Each structure stands twice: as C-alpha cells, then as structure tokens.
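Now for the letters of each chain:
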Amino acid sequence: MAATQDTIDRIAEASGTYKYGFVTDIESDKAPKGLSEDIVRFISAKKNEPEWMLDWRLKAYRHWLTMKEPDWAKVGYPAIDYQDAYYYAAPKSRDDAPKSLDEVDPELLRTYEKLGIPLKEQEMLAGVAVDAVFDSVSVATTYKKKLEEMGVIFCSISEATQRFPELVQKYIGSVVPYSDNFFATLNSAVFTDGSFVYVPKGLRCPMELSTYFRINEQNTGQFERTLIIADEGAYVSYLEGCTAPQRDDNQLHAAVVELIAMDDAEIKYSTVQNWYPGDETGKGGIYNFVTKRAACRGRNSKVMWTQVETGSAVTWKYPSCILQGDNSVGEFYSVAITNNAQQADTGTKMIHIGKKTRSRIISKGISAGRADQTYRGLVRMMPKAEGARNYTQCDSLLIGDTCGAHTVPYIESRNPSAQVEHEATTSRISDDQLFYCLQRGIPEEDAVALIVNGFCKEVLQTLPMEFAVEAQKLVGISLEGSVG
Amino acid sequence: MALLDIKDLHATVDDGDAGPKPILKGISLTINPGEVHAVMGPNGAGKSTLSNVISGRPGYTVTGGSVTYDGVDLLEMEADARARAGLFLAFQYPVEIPGVATGTFLKTAINARRKANGEPEIEALDFLKLMKANAKKLGVADDMLKRPVNVGFSGGEKKRAEVLQMAMLEPRLCLLDETDSGLDIDALKVVADGVNALRAPDRGMLVITHYQRLLDYIVPDVVHVLADGRIVKSGDKSLALELESKGYAEFTGAAA
Ligand SMILES: Nc1ncnc2c1ncn2[C@@H]1O[C@H](COP(=O)(O)OP(=O)(O)OP(=O)(O)O)[C@@H](O)[C@H]1O
Ligand SMILES: [Mg+2]
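On a predicted model such as this, the values are computed, not experimentally measured, just so you know. (Residues numbered from 1 in each chain as written. Chains lettered and ligands numbered in written order. Predicted model: local features only at pLDDT ≥ 70, side-chain atom pairs only at ≥ 80, totals over all residues. Heavy atoms only, no water.)

A.B. asks: How should the overall build of chain A be read in this particular structure?
C.D. replies: Looking only at helices and strands, one finds 13 helices and 18 strands in chain A. Going through the 484 residues of chain A one by one, you find that 58% of them count as buried. Sequence-distant contacts in chain A: of pairs separated by 6 or more residues, those separated by 24 or more amount to 83%. Carbon together with sulfur atoms contributes 50% to the accessible area of chain A, which is approximately 19900 Å² in total. (Helix = DSSP H or I, 4+ residues; strand = E, 2+ residues; numbered from the N terminus. Buried < 20%, exposed > 50% of the residue type's maximum accessible area, 1.4 Å probe, protein only. Contact = heavy atoms within 4.5 Å. Areas by Shrake-Rupley, 256 points an atom, 1.4 Å probe, with all protein chains shown as cover.)

This is the structure:
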C-alpha cells in the first residue's frame, strides 16, 4: 500500500533525529506527564510492537493534532488539559495494594455487599494483594486454554499483536479508522491495552467471554482498545465491565471497540458501565468518551449491543452498527441512569447499506437529581438499502423535577422502500405507583428500584442471566437518595 | 385492646391552589380484633379519604384527632411501616406498575416484611406454592401472576388481585375500598369467600361498599353511614338493608 509505505519512509526519516526526550531508560515504569510523539513511541516500544503498529499510532497522533475536541454533545465539563495527564504507567506493584479488605474504603465494600459479590471477588475487585486473586487468575487461564484448543483466540490486544499480527493488522482500524473522531484518534495513538477475540468459521463460542474479563479488567488503563471478529457462521457473546463501582485515578477515559461480523455470524456485546460518577456535585468523576462500532460485513450477520450505563460523571457514547451485508441485523438495547450531577449523551447509529437490513433500538433513560441525559440516535437508509427497516423506541423516566431528558433522533432515508418507525415517551414515577408499593410494605428506595427495573425490563432481559441479576440490583443502588 | 381506635379525626385534602379542603370532620370509630365493620355512604362522603388517611397516603393533612393501631400512634408512622405493621388497603383503583410481574411484586412485599422482622427471605419454592394455592382459591389464573401488576387487568381481575395480595400478606387490619365494585355475580361470591376465609379472631376489617349485597356474603358486625365527613349513624346489618330501600336523603339533607 502506497500510503503505508509513505508513512514508513517518513518515520524512517524522522527516526534519524529520534530520541526519547525525557528518559533514556526504556525499563522505566512510567512515562512522564504529557503527550508527544516521543510518548507514542515509548508506549509502542514498551509493548515491543511491530513497525506497522507504531506507524499507525503515529499517523493517528499527527492527525489528532489537527483535530478539535467536539462540542456538539449536550454535556458540559471543564476543559481537559491533555498535557496534564499520564499516558503510560505499568500496573501498580503489589506492594502498594491493600493487604486486606480492612484497608479498603468501607463505602465501596458496602456497595459490593449490596450487589451480592462474593468475598473473594470483592478482594479481587478492590485490588487486595492476596493469593486468592491468583487462584481466580489461574482458573481464567484454564478457560483460556480450553478456548484456544477450540480455535477461539481470546487474549489482550498486546498479546495478539505479538502472536497474531496479521489478524490484528487486517482488522484494527477497519471499523473505526484512526481518523474517525477526536477521542478515537487519541485512543489509536496511545491505547495501552484491551481485548482481542477471534472466533473461527462455524464455531459457536460455548461460554460468555466474561469471567476472564472481570478478573483481568484491572489496569487495562484509560485508553482501552477492543477488537472482536466473528468469522463466517461464528457466534460469540462478550461481556464488558462490571457492576461493582470502578475507581480510577485517571479522569479521562476514551475507549474504542470494533466488532466485525462476517456472513451468518453473530456477536452479542453487553456492557455494564459503572465508573465512579464523582461525589454529589460530580467532582472527581470519570469522563467516559467511548467509540463503539460494529461492522455487519457479511450477509445475515447480526450484532446486538446491550448497555447498562450507570456510572461516570460524563458519558459520551454511541455504539453503532454498519449494516453492510444484505439481511444483516443490528440491535441496540440501552439503559442509562443518571443521578445527582451526572451527564450522559448516549445513543446509537444504524447505517443501513445492504438490502433488507434491519435494526432495532430500545433505549430507556432514567434521570434523577440534577442529572441531564440525552438520547441521540441516527438511522440512515442508504440508496441501496432496498426494503430496510428500523424500529426505534425511546422511553425516558424522570424522578423529581430538577433533572432533564432529551431525545434527538436523526432520520435520513435515501431509499423510498425503507421503513423507519420511531416512538418516544417521557414519564415520571407517579405518586400513586409509589404509594401503592409503600402500602404493601415496600420501603421507598426499594419501591423506586422496583418500578425502574420494571421500566427497563425489556433491556435488562437481553443481558446474560447472571449479569441481569446484578444489573437489577445496580439499578436500585444507582438511584439511592433520589427520592424523599 | 382495640385493634383500631379512631378518635374525632379531622383531615383536609391539599387541593392545589384552592388550598386545604376539609373532608373528614370528626370521625370516631373503634374496631376490635375479630370484628368486621362496613362503611356505606354517598359518593364523595369521604370513605376513600378515611382509608387513605389511615394508611398514610400523601396529600392529606390530619388537622385533629387521633388514630391508634394496636396501642401505637399510627399517624406517627410512615406508610410503609404501617403496612409492615399489618395494615392492608385493597385499593378502590388499583395502580398499574408496568414491567413488574405480579409475582415479583408480591415477593418483594413479603420479603420487605421479613427483612423488617429480621427474618431471612422467603424460599422461592415456598413462595410459589403459597401464591399458587391462594391464586387457586380466588380463581386467579397462573398467567396473571406473570403479568405486570394490574397492567391490562380487567376491572374485576384487579379486584381479585387485590384480595390475592391481601391473603398473601396476612394483614391484621384489612381496609377494603369498594372491592366489590366491578365484580360479576360469580366473582363477588369468590372474592367474598376469599375475604371470609381471612376472618379471624385477631384480625379486623373495614369494608367500604355501596351495595348491601356484598354484606349478604361478608356479614358485618357493625354498619356505619358516612356522610359529609362524619359518621351519622351506626347499627347492625339491618341498617344496610334500610339504606338500600331509603337511600341517603335523610343524611345528606341533614348534613347539607
Ligand atoms: N386530591 C383532591 N383534591 C381535591 N378534592 C379531593 C381530592 N381527593 C378527594 N377530594 C374530594 O374529597 C371528597 C371525598 O372523596 P372520597 O374519595 O373520600 O369520597 P368517597 O366517599 O370515597 O366517594 P366514592 O363513593 O365516590 O368513592 C370528594 O368531594 C372529593 O372530590
Ligand atoms: Mg371512594
């Protein structure tokens, strides 16, 4: 490829003058604050990446320098100083970790308990340095080995870049190009880790790829990159995140997820996002700017996004489907809860390219406190999308009268045979509903949780069983203190 | 000790811009354990208001008098605490809760009580058995238990579901607000049987109705006439028959 060659040449040229401006020791655990080409090179060198990956990162970085942070979303936050952040730090040493749960923030433990998380997992989530953690890691390793025997590749993207470079090179950036948007471009330049999944032709991955993930999600960093490929006729269900609240010293998170489904393949991607939302005023909360996109490349392929978004101070996220293959299907099920000072601008894009492609969008937004939430969705029917169909249902539930909910649907149809259907409702928890529950002896907070869970049922029931139960509890916990 | 002791109860409803509007104007009523009291009276007399104030519904202000339940001041308690203490209101207009299965709702209610009493949650299997047994007695179809609370239920189905909930929660004081309205003749009998099955020496009931026919099935110990926020007459079962033939003219005339 000419363009690639060109870049390689340019880098070769540049490397004549190349040196680490800040530290000569590649063994260093941490890059200094700030973002520069040197930092990008440092990250790539740390990960022992092939040349093409470094090139790609550098292209992204240079492009990023020409971009402006987007401001169209209905969220407000103080300006981010990109030079005032760390872009690489090796995982914390076990010596710094808490020695037992006694050393962990009791507030955090209280939440773990409410979620019904077993003690061992609590220790793991809180990063306690005990051997129990390593027991579970070895269990995960066993699973991984089994999967690999079947031909499923499931590993970190760093490992995949070493072991399966041709796969990574072929697909990375093929759904979300390095130049896609400000945050995705930043991610392409400095991503530190993430997951890689490849399911070969005709194989149904027999287990949810979740247990492993839950255990290993720690320290994947603020710029996570995930790439999932389901080859012809393959199926995989992937679970991201965790119901337990996640804290992180890094305020800015900009992840990228790319999904690729070939002919007759199906990918189910479920997320529970519960990053620290900050205190009641939103102070200290995570800014979560995520780019998630799926390419339904093959005929009859299917991608289903399910998300339960309860955390973060600011969420900016639009998991999308590009429906290229004829008869391909994209589905988006979302529950977004914002309480206190949280802000979320989230939704989806369904781009219908192939014939008879279908998409379905079910979005349930719940706002409480002073929170503000926007559903932003695009449905685009391209000229060749003969007989394509979309159904969108967008429901908002307001708790109290200081919060906001907005629905911004964009519909573009360039094919007269395509059908687009959109329904939207806004409602409140009525005093009558609340009193009815109270009169049956159900305390107010539990009543709100019950009613809200009912409101979200259609979405929650698309989650894998075990996760659905935790997600239900999480819904209740997220809304604590929102009434009375 | 009386199960429910209401003394000279005055209450207003918060009528938006119009300000508080007096509805209950000095009600006194005592229900002893084991007794069934019927309350009859013209539309708008304050019957539902009385049951709402007893159960702690927001929107009302008690301006005078007292309500004592089993020796404790009921008005000091939150609505959910009153319910857990054994008070049950079968709603005149049961409320719909979309997406929440009737079974789930009931289980949540039962477990809320258990939690308050420091007991463990009910076993899933025990709960199912209990619910099926009660549903059968009240002619409630199994599929209705899976449907969301009151959503799409017919008027009669809603009333049956209320009595089913009452049977499951085993209250000590049952307030039934026009549970008979909307029921067909056969259903009336089934529901009345269900209520009668709950009559017990330690349980009291306040049955609000417009029809003396219900009182043929659920025979009350005392019948009260409530008109314009006051109990204007009390008597035995024959009072209901008398009202049926004469109407409320004599009371409303006197009250107006
Ligand atoms: N929220 C409210 N705002 C204004 N007036 C109210 C409100 N709630 C009740 N009322 C009034 O209080 C009075 C008593 O109402 P209530 O529902 O207690 O009557 P009821 O005896 O139960 O009548 P019915 O037999 O028709 O059920 C009525 O005049 C009614 O209009
Ligand atoms: Mg009434």
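A.B. asks: Please clarify how the sheet that holds strand β4 (residues 60-69) of chain B should be interpreted in this entry.
C.D. replies: Within a sheet, neighbouring strands are paired by backbone hydrogen bonds and run either parallel or antiparallel to one another. Residue and element names in this part refer to chain B. Read across the open sheet, the four strands follow the order β2-β1-β4-β5; overall the sheet is antiparallel. The sheet is open, and its two borders are formed by β2 (20-31) and β5 (72-73), each paired with just one other strand. The pairing of β4 with β5 spans two bridges and is classified as antiparallel. Looking at the pairing, tyrosine 69 lines up with valine 72 of β5. (Pairing = 2+ DSSP bridges.)

A.B. asks: Honestly, helix α2 (residues 37-46) of chain A in this entry has me stumped. Any pointers?
C.D. replies: Burial in α2(A) covers these residues: Ile39(A), Val40(A), Arg41(A), Phe42(A), Ile43(A) and Ser44(A). The positive-phi residue at the C-terminal boundary of α2(A) is Asn48(A), with phi of around 55°.

A.B. asks: I tried to follow the coordination of the magnesium ion (ligand 2) on my own but got confused; where do I start?
C.D. replies: Perfect tetrahedral coordination of a metal by four donors corresponds to 109.5 degrees between them, and perfect octahedral coordination by six donors corresponds to 90 or 180 degrees. All names here are of chain B. Within the protein, the magnesium ion (ligand 2) binds to Ser48 (OG) and Gln92 (OE1); these donor distances fall in the range 2.0 to 2.2 Å. Of this pair, serine 48 sits in helix α1 (residues 47-55) while glutamine 92 sits in the loop between β6 (87-90) and β7 (97-101), and the two are 44 residues apart along the sequence. In this structure glutamine 92 comes out as buried when scored by relative accessible area, which is 16%. (Donors = N, O, S within 2.8 Å, 3.2 Å for Na, K, Ca; no water.)

A.B. asks: Just checking my understanding: could you explain the sheet that holds strand β10 (residues 204-208) of chain B for this structure?
C.D. replies: Residues and elements named next belong to chain B. Pairing in this open sheet of six strands is mixed, and the strands run β6-β9-β10-β3-β11-β12 from one edge to the other. Looking at the sheet topology across the chains shown, the edges are occupied by β6 and β12 (230-235). Strand-to-strand twist in this sheet, taken as the mean axis angle between neighbours without regard to direction, amounts to 20°. One ladder, built from four bridges, connects strand β3 (residues 36-40) with strand β11 (residues 222-227); its direction is parallel. Bridging across to β11, methionine 40 finds its partner in valine 225. (Axes fitted to C-alpha atoms, helices over the stretch in contact; angles between N-to-C directions.)

A.B. asks: Explanation requested: the site of ligand 1 in the structure shown.
C.D. replies: Residues and elements named next belong to chain B. In the vicinity of ligand 1 lie 15 residues, with Gly44, Lys47, Ser48, Thr49 and His210 positioned nearest. Between ligand 1 and the protein, one listed contact pairs an oxygen atom with a side-chain N or O atom of asparagine 43 at 3.0 Å. Here an oxygen atom of ligand 1 and a backbone polar atom of serine 48 are 2.8 Å apart. Protein chains bury 67% of the 640 Å² of accessible surface belonging to ligand 1 in isolation. Listed by contribution, the elements that provide at least two residues to the shell around ligand 1 are β2 and α1. Among the elements that line the shell around ligand 1, the one with the most residues is α1, at three residues. Across the shell around ligand 1, the residue classes tally to four nonpolar, seven polar and four charged. (Near = heavy atom within 4 Å. Polar contact = N/O pair within 3.5 Å; in protein donor to acceptor, adjacent residues only side chain to side chain. Nonpolar A, V, L, I, M, F, W, Y, C, P; charged D, E, K, R; others polar.)

A.B. asks: So what exactly am I meant to see when it comes to the nonpolar core here?
C.D. replies: The nonpolar side chains of a soluble globular protein tend to be buried with one another. One finds Ile366(A), Val452(A), Ile6(B), Leu50(B), Ile54(B) and Phe105(B) to be the most contacted residues of the largest nonpolar core, which totals 103 residues. One finds Met53(A), Tyr82(A), Phe164(A) and Ala313(A) within the second-largest nonpolar core, a separate group that totals 52 residues. (Core = buried A, V, L, I, M, F, W, Y, C linked by side-chain atoms within 4.5 Å.)

A.B. asks: Is there a simple way to think about the packing of aromatic side chains in this case?
C.D. replies: By convention here, two paired aromatic rings are described through the distance between centres and the angle between planes. All names here are of chain A. If you walk through the whole model with that rule in mind, you get 21 aromatic pairs over all chains. Ring geometry for tyrosine 77 and tyrosine 287: centres 5.2 Å apart, planes at 50°, overall tilted. In this pair, tyrosine 77 sits in the loop between α3 (51-65) and α4 (106-115) while tyrosine 287 sits in strand β8 (residues 287-296), placing the two residues 210 residues apart along the sequence. Taken together, a centroid distance of 6.5 Å and an interplanar angle of 75° make the contact between tyrosine 287 and phenylalanine 289 edge-to-face. (Phe/Tyr/Trp six-rings, centres within 6.5 Å; stacked < 30°, edge-to-face > 60°.)

A.B. asks: Sorry, what's going on with the interface of chain A and chain B here?
C.D. replies: Accessible area lost during the coming together of the parts is what is often quoted as the interface size. Tallying the contact residues gives 17 residues for chain A and 30 residues for chain B. Of the roughly 1900 Å² buried between chain A and chain B on both sides combined, carbon and sulfur atoms contribute 67%. For the pair chain A and chain B, the number of links is two salt bridges. The partner of Arg57(B) in a salt bridge is Asp432(A), with the nearest N and O atoms 2.9 Å apart. Elements that contribute at least two residues to the side of chain A that touches chain B include exactly α11 (431-439) and α12 (444-460) of chain A. For the side of chain A that touches chain B, the leading source of residues is α11(A), giving seven residues. Here the residues of the side of chain A that touches chain B sort into nine nonpolar, four polar and four charged. (Buried area = accessible area lost by both parts, 1.4 Å probe. Salt bridge = Lys/Arg side-chain N within 4 Å of Asp/Glu carboxyl O.)

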